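Residue strings, one per chain:
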Amino acid sequence: MEDLEEMEEDAGLGNGGLGRLAACFLDSMATLGLAAYGYGIRYEYGIFNQKIKDGWQVEEADDWLRYGNPWEKARPEFMLPVHFYGRVVEEDGKEPKWVDTQVVLAMPYDTPIPGYMNNTVNTMRLWSARAPNDFNLRDFNVGDYIQAVLDRNLAENISRVLYPNDNFFEGKELRLKQEYFVVAATLQDVIRRFKTSKRNCSGPLSFESFPDKVAIQLNDTHPAMAIPELMRIFVDIEKLDWDTAWNITKQTFAYTNHTVLPEALERWPVELMEKLLPRHLQIIYKINQIHLDHIASLFPNDMDRICKMSLIEEEGGKRVNMAHLCIVGSHKVNGVAEIHSDIIKRDVFRDFSELEPEKFQNKTNGITPRRWLLLCNPGLADLIAEAIGEEYVKDMTQLQKLNDLVDDDAFIRDVAKVKQDNKLKFAQYLEKVYKVDINPASMFDVHVKRIHEYKRQLLNCLHVITMYNRIKRSPIKPFVPRTVIIGGKAAPGYHMAKMIIKLITSVADVVNNDPVIGRKLKVIYLENYRVSLAEKVIPATDLSEQISTAGTEASGTGNMKFMLNGALTIGTMDGANVEMAEEAGEENLFIFGMRVEDVAEMDKKGYDALKYYESLPELKQAINQIKSGYFLPKQPEMFNDIINMLFHHDRFKVFADYESYVECQERVSALYKDQREWTRVVIKNIAASGKFSSDRSIKEYATEIWGVEPTDLKIPPPSEPREALEETARTLRKN
C-alpha cells in the first residue's frame, strides 16, 4: 500500500501556503458538517517540478495527469459558457449589452472531500477550459478548417498551467483570463443551485434571500472579479436595480487578505481590462464613482484621501487596485494572524478601517490535524491517543491535557523515541536519494518554504557559514552536530531567489566535503519541496526555522505543522509565531530579532548594513568568503548580486538580525544537549498547538462571517435503514 501511495502524483495546484491552506480548510469544512464547496481551476500542469542541476534550480513541467486522476469525476452535464473580449453597446434608455464576445466552455471536474469519521462528503469543483465546437468556424468562408481546429488550443490554454509566483504579481493577460474564468463559471453554478432550491418554493423567484443562502469567501484578491461579475449578472441578466444588486453582492462576499508585500498586491492595467472584460470595467468605474462620492461627502476637499482610497490608481498608468475592490465589495475583511490583521488595520488599509472599523476582523490560519498529524506521523498520533484518548483529533484543544505529562519519564522517553524513529526513517530516505551520510543523532535543523528574500533563507545560510568557520577554527572543541536541511521552490523569473539556491548548494558542497567538519555539520538542499515531501520531513524535524523579517509573513502555516509534530521553533515575532509564543509561553520558543516596532524605527532612521558588517567579525568573515569565491572558487564573482543587495538594497535587513540569530542558535544547541529538557519543551509545545487547528479557524469563519453553525452530527451510512436518515434529518431541523 505504501508503494502505491508513493507512486501517486501530488495535485500541486497552488503556490506556497495559499493553496495548501485552502486544502486544510476543505478538510475542516467537511469535518464540521458544513455544506461548503471549494472552487478552483483544474490546471493541466501544476507547480513545476524542481530539479537541482549543478547547484541551480531547473524547472520541469508537472504533468500530474499523465496517468489519469482516479479521484475526479468529469461533469459535462454542468458545462458552462464564459465570455471574453467583445464590446458594450448602449442604446438609448436601454441597459448596456455586452456583445460580440468570444466564448470558452468551463467543464467541471468534481473531487470528493470526506469529513473525518462523520459520513459527510463535500465537493471540490475544478474548472477546465474547452473550446466550443464551432470555435473559429462561425466565420463563414473560413478557408482553413484545419487551422480553425488547431486554434481551439488558444481557448483551452486558459486552464493549461499554474502561474508559479508566490507573493508576486505578474500582470499577464492569460492570468487575468484565468481569474475571470474561475469566477464566471463558479457564479453561474452558485446561481443555478440557488434557483433550483428556490424553484421548490412557492412564489416568484427573488434574490432577496441570496446572502442568507450563499456566502462566498475570496481567498486573496485572485477571485476579485467575482464582485463585478455578480453585479453584471444581477443588473444585466436578472434585471435587478443597481442598489438592490449592490446590497446583495456586498452581503454575499467576504475577503481574506494574505499578504502585505506591495509587489504581491494585484493592480490590473485598465487598458487590459477594457480589452478583455469591457463591461466589468464599466461596472468597476460605477462602483468606484459611488464609493468616492461617499468618501467626498464625509471628507470634503480631502483629495489626498480620495486618491488613496480609489479603486483606480492613476500614477504610472491607470490600474485597478483589486484589494480596494475586495474591501469595498465585501461585508467583512480579515487578516490571517493577529499581528497581520493589526498591520492591515493600522497601515495597509488604514483609511478603509477608519471608515468601517466593524468590517475588519482577524481569523488566524490553522492546519488540519488529520493530514498533519494522523496521516504523516502515526507514531506520535497513536502515542497521544494512548495518553489522552482519541477525541483530540476533532477537538485539538484537548492536547492541553499533555501538560500533565510534562514530567512523566515514560512519556518523555516515548516522545523522544517517536522522534528518533522518524529521524532514522528520513535519514534513510535522504541517504537513498542524495547519497549523503546523515548522522541521525545530529539535530535536524529544517527550513522549508518558498524561496523569497523576506523569508530570509540567506540569514540561515550565514549561520551555516558561521558554524563552519567555528568548527574550522577549533576542530576539537565540542560542537552539537547538526544536519541543516533547506528546501523550497523559487519562482522561475525571480533572479535573486535562484541565486540564493545556488549559494546554499555551493556552501553545502564545501561543508559536506571538508574532512575537518566530518559528521558535525551537513547541509542538504531538499529538491522539489512539495506536500508529499513535507509529510516526510516535518515529523523528523528537531528545529523549525521561521525567520522572516517581523511584519512580512502574514501568518505562515508550516510553523504550526512543525509545532504539532514535536519540533521546537526558532523564529522572529512575525505572523502566527507571535500567537504560538503566546500559547506555549515565549520561554518555550527560541525568539530572536527585531519586533515590528523596531523595523519601523529602523525604516525611519535608515538601515545601514555596513555598520553591522564592520562591527561583527564573524559576519564580516562569512560575507568576505562569499565575496571572494571561497564557496565557488571557479567563479568567484558569482554571488556579486547577493552581496550588492545585502549592502545596498536589502529591504529585509538580514544583517540587522544576524547577531541576535546566532546567539539564539547557541541557546538552541545548549538545550539540545539536554535531551530530557529538550523533550519536555517539545511536549509543552505540542500541548499548546490546539489553537492552530483549521477546525478552529473554520468555526470562526462560519459563525462570525458566513452566519452558519458547524454540526458534529454523524450522518448514518447508506447501508443503514431509511429511518436512521430520517431521524438525522429531524434532529437537524430541530437544531
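As annotated in an unreviewed UniProt entry, the chain is Alpha-1,4 glucan phosphorylase from Cyprinus carpio. Here the chain is described in UniProt, under the heading Sequence similarities (unreviewed entry), as follows: "Belongs to the glycogen phosphorylase family." Its UniProt record gives the chain a comment under Function (unreviewed entry), which states: "Allosteric enzyme that catalyzes the rate-limiting step in glycogen catabolism, the phosphorolytic cleavage of glycogen to produce glucose-1-phosphate, and plays a central role in maintaining cellular and organismal glucose homeostasis."

Caption draft 1: Representation of the UniProt feature "modified residue: N6-(pyridoxal phosphate)lysine" (unreviewed entry) in the chain in the model. Sequence positions flagged by UniProt for "modified residue: N6-(pyridoxal phosphate)lysine" (unreviewed entry) are, in local numbering, Lys 561. Position of Lys 561 among the secondary structure elements: in helix α21 (residues 558–564). For Lys 561, a relative accessible area of 8% translates into the label buried.

Caption draft 2: Representation of a negative patch on the surface within the structure. A cluster of acidic residues, Asp 382, Glu 386, Glu 390, Glu 391, Asp 408 and Asp 414, forms a negative patch at the surface. With respect to the element layout, Asp 408 can be found in the loop between α16 (378–388) and α17 (409–434).

Caption draft 3: Representation of the layout of surface pockets in the model. Of the voids in this model, the second largest pocket is the one considered here, and its volume is about 570 Å³. Residue lining of the second largest pocket: 23 residues in total, with Cys 307, Lys 308, Ser 310, Glu 313 and His 324 positioned closest to the centre. Mapped onto the lining of the second largest pocket, the elements with two or more residues apiece are α10 (278–298), α11 (303–309), β13 (312–313), α13 (338–348) and α14 (350–355). In terms of residue class, the lining of the second largest pocket is made up of 10 nonpolar, 5 polar and 8 charged.

Caption draft 4: Local environment of the sheet that holds strand β10 (residues 216–219). Spatially, the 4 strands line up as an open sheet ordered β10-β11-β15-β16, and their pairing is parallel. The sheet is open, and its two borders are formed by β10 and β16 (360–362), each paired with just one other strand. Sheet twist, expressed as the average angle between the axes of neighbouring strands with direction ignored, equals 25 degrees. Where β10 lies against strand β11 (residues 253–256), 4 bridges are found, and the strand directions are parallel. Pairing of Asn 219 across the sheet is with Thr 256, part of β11.

Caption draft 5: Structural detail: the sheet that holds strand β14 (residues 319–321). Strand order in the open sheet formed by 3 strands is β12-β14-β13, and the pairing between neighbours is antiparallel. Single-partner strands in this sheet number two, and they are β12 (267–269) and β13. Where β12 and β14 come together, 3 bridges link them in antiparallel fashion. Residue pairing for β14: Arg 267 is matched across the bridge by Asn 321.

Caption draft 6: Representation of the environment of Pro 539. Position of Pro 539 among the secondary structure elements: in the loop between α20 (531–537) and β20 (543–546). With relative accessibility at 2%, the residue Pro 539 sits in the buried group. Measuring from C-alpha to C-alpha, the distance between Pro 539 and Cys 376 comes to 7.1 Å, with 163 residues separating the pair along the chain.

Caption draft 7: Expanded view of the pattern of salt bridges. This model, assessed by the stated rule, comprises 57 salt bridges. Glu 44 is the salt-bridge partner of Arg 160, the closest N and O atoms lying 2.7 Å from each other. Highlighted residues: Arg 160 in the loop between α4 (152–156) and α5 (173–199) and Glu 44 in the loop between β1 (37–41) and β2 (49–53), separated in sequence by 116 residues. Assessed through its relative accessible area of 28%, Glu 44 is described here as partly exposed. Close ionic contact of Glu 59 with Lys 498 constitutes a salt bridge, the shortest N to O distance being 2.7 Å. Taken as a pair, Glu 59 in strand β3 (residues 56–60) and Lys 498 in helix α19 (residues 495–512) lie far apart in primary sequence, 439 residues in all. Look at the salt bridges and you will find they share partners, linking Arg 75, Glu 77, Asp 110, Arg 125, Asp 189, Arg 192 and Arg 193 into a network.

Caption draft 8: Focus on the pairing of strand β17 (residues 443–448). The element β17 is extensively covered by neighbouring structure, given that 6 of its 6 residues are classed as buried. Of the two faces of β17, the one lined by Met 443, Asp 445 and His 447 and the one lined by Phe 444, Val 446 and Val 448 are each fully buried. Alignment of β17 against strand β18 (residues 482–487), held across 6 bridges, turns out to be parallel. In the sheet register, Val 446 faces β18, and the bridge partner there is Ile 485. Note that the unit made of β17, helix α18 (residues 457–473) and β18 has a crossover that is right-handed.

Caption draft 9: The arrangement of empty space enclosed by the protein in detail. Per the stated rule, a full pass over the model turns up 2 cavities of 30 Å³ or more. In terms of lining, the largest cavity is formed by His 447, Lys 449, Lys 455, Gln 546, Ile 547, Ser 548, Glu 553, Ser 555, Gly 556, Asn 559 and Asn 577. The residue inventory of the lining of the largest cavity, partitioned by class, reads 1 nonpolar, 7 polar and 3 charged. Of the pockets and cavities examined, the second largest cavity occupies roughly 40 Å³.

Caption draft 10: Structural view of the side chain of Asn 321. In this structure, Asn 321 sits in strand β14. Residue classification places Asn 321 among the buried residues on the basis of a relative accessible area of 6%. At 3.1 Å, the side chain of Asn 321 forms a polar contact with the backbone nitrogen of Ala 323. Excluding residues within four positions of it along the chain, Asn 321 makes contact with Glu 266, Arg 267, Leu 311 and Glu 313.

Caption draft 11: Focus on the nonpolar core. Ranked by size, the top nonpolar core spans 133 residues in total, and within it Leu 402 and Phe 655 carry the most contacts. Here this core takes 11 residues from α19, the largest share from any one element. In this view, Leu 402 contacts Ile 384, Ala 387, Ile 388, Phe 411, Ile 683, Ile 686 and Ala 687; residues no more than four positions away in its chain are not counted. Residues Ile 41, Ala 129, Phe 234 and Ile 306 belong to the second largest nonpolar core, which totals 79 residues.

Caption draft 12: Spatial organisation of the packing of helix α7 (residues 226–237) against α10. Contact pair α7 / α10: the axes reach a minimum separation of 9 Å and the direction vectors enclose 95 degrees. By the angle between their axes, α7 is roughly perpendicular relative to α10. Along the contact surface, α7 presents Ile 227, Pro 228, Glu 229, Met 231, Arg 232 and Asp 236, while α10 presents Arg 279, His 280, Ile 283, Ile 284 and Ile 287.

Caption draft 13: Quick peek at unusual backbone geometry. We note that Lys 435 has phi near 55 degrees; this positive angle belongs to a residue other than glycine. Turning to its location among the elements, Lys 435 is positioned in the loop between α17 and β17.

Caption draft 14: Layout of the side chain of Asp 351. As for its position among the elements, Asp 351 is in helix α14. When residues no more than four places from it in sequence are discounted, the contact partners of Asp 351 are Arg 305, Lys 308 and Met 309.

Calculation criteria
- Residues numbered from 1 in each chain as written.
- Predicted model: local features only at pLDDT ≥ 70, side-chain atom pairs only at ≥ 80, totals over all residues.
- Heavy atoms only, no water.
- UniProt positions renumbered as here; feature names shortened; annotations may be inferred.
- Helix = DSSP H or I, 4+ residues; strand = E, 2+ residues; numbered from the N terminus.
- Buried < 20%, exposed > 50% of the residue type's maximum accessible area, 1.4 Å probe, protein only.
- Patch = residues over 30% accessible without salt bridge, like charges linked within 9 Å, V, L, I, M, F, W, Y side chains within 5 Å.
- Areas by Shrake-Rupley, 256 points an atom, 1.4 Å probe, with all protein chains shown as cover.
- Salt bridge = Lys/Arg side-chain N within 4 Å of Asp/Glu carboxyl O.
- Lys, Arg positive; Asp, Glu negative; His and termini not counted.
- Charge placed at Lys NZ, Arg CZ, Asp CG, Glu CD.
- 1 Å grid on protein atoms, 1.4 Å probe; cavity = no way out; pocket = protein on both sides within 12 Å on 5 of 7 lines; lining within 4 Å.
- Points joined across faces, edges and corners; volume = space filled by probe spheres on them.
- Nonpolar A, V, L, I, M, F, W, Y, C, P; charged D, E, K, R; others polar.
- Pairing = 2+ DSSP bridges.
- Axes fitted to C-alpha atoms, helices over the stretch in contact; angles between N-to-C directions.
- Right-handed = clockwise from strand over helix to strand, strands pointing away.
- Polar contact = N/O pair within 3.5 Å; in protein donor to acceptor, adjacent residues only side chain to side chain.
- Contact = heavy atoms within 4.5 Å.
- Core = buried A, V, L, I, M, F, W, Y, C linked by side-chain atoms within 4.5 Å.
- Parallel < 35°, antiparallel > 145°, perpendicular 65-115°, else oblique.

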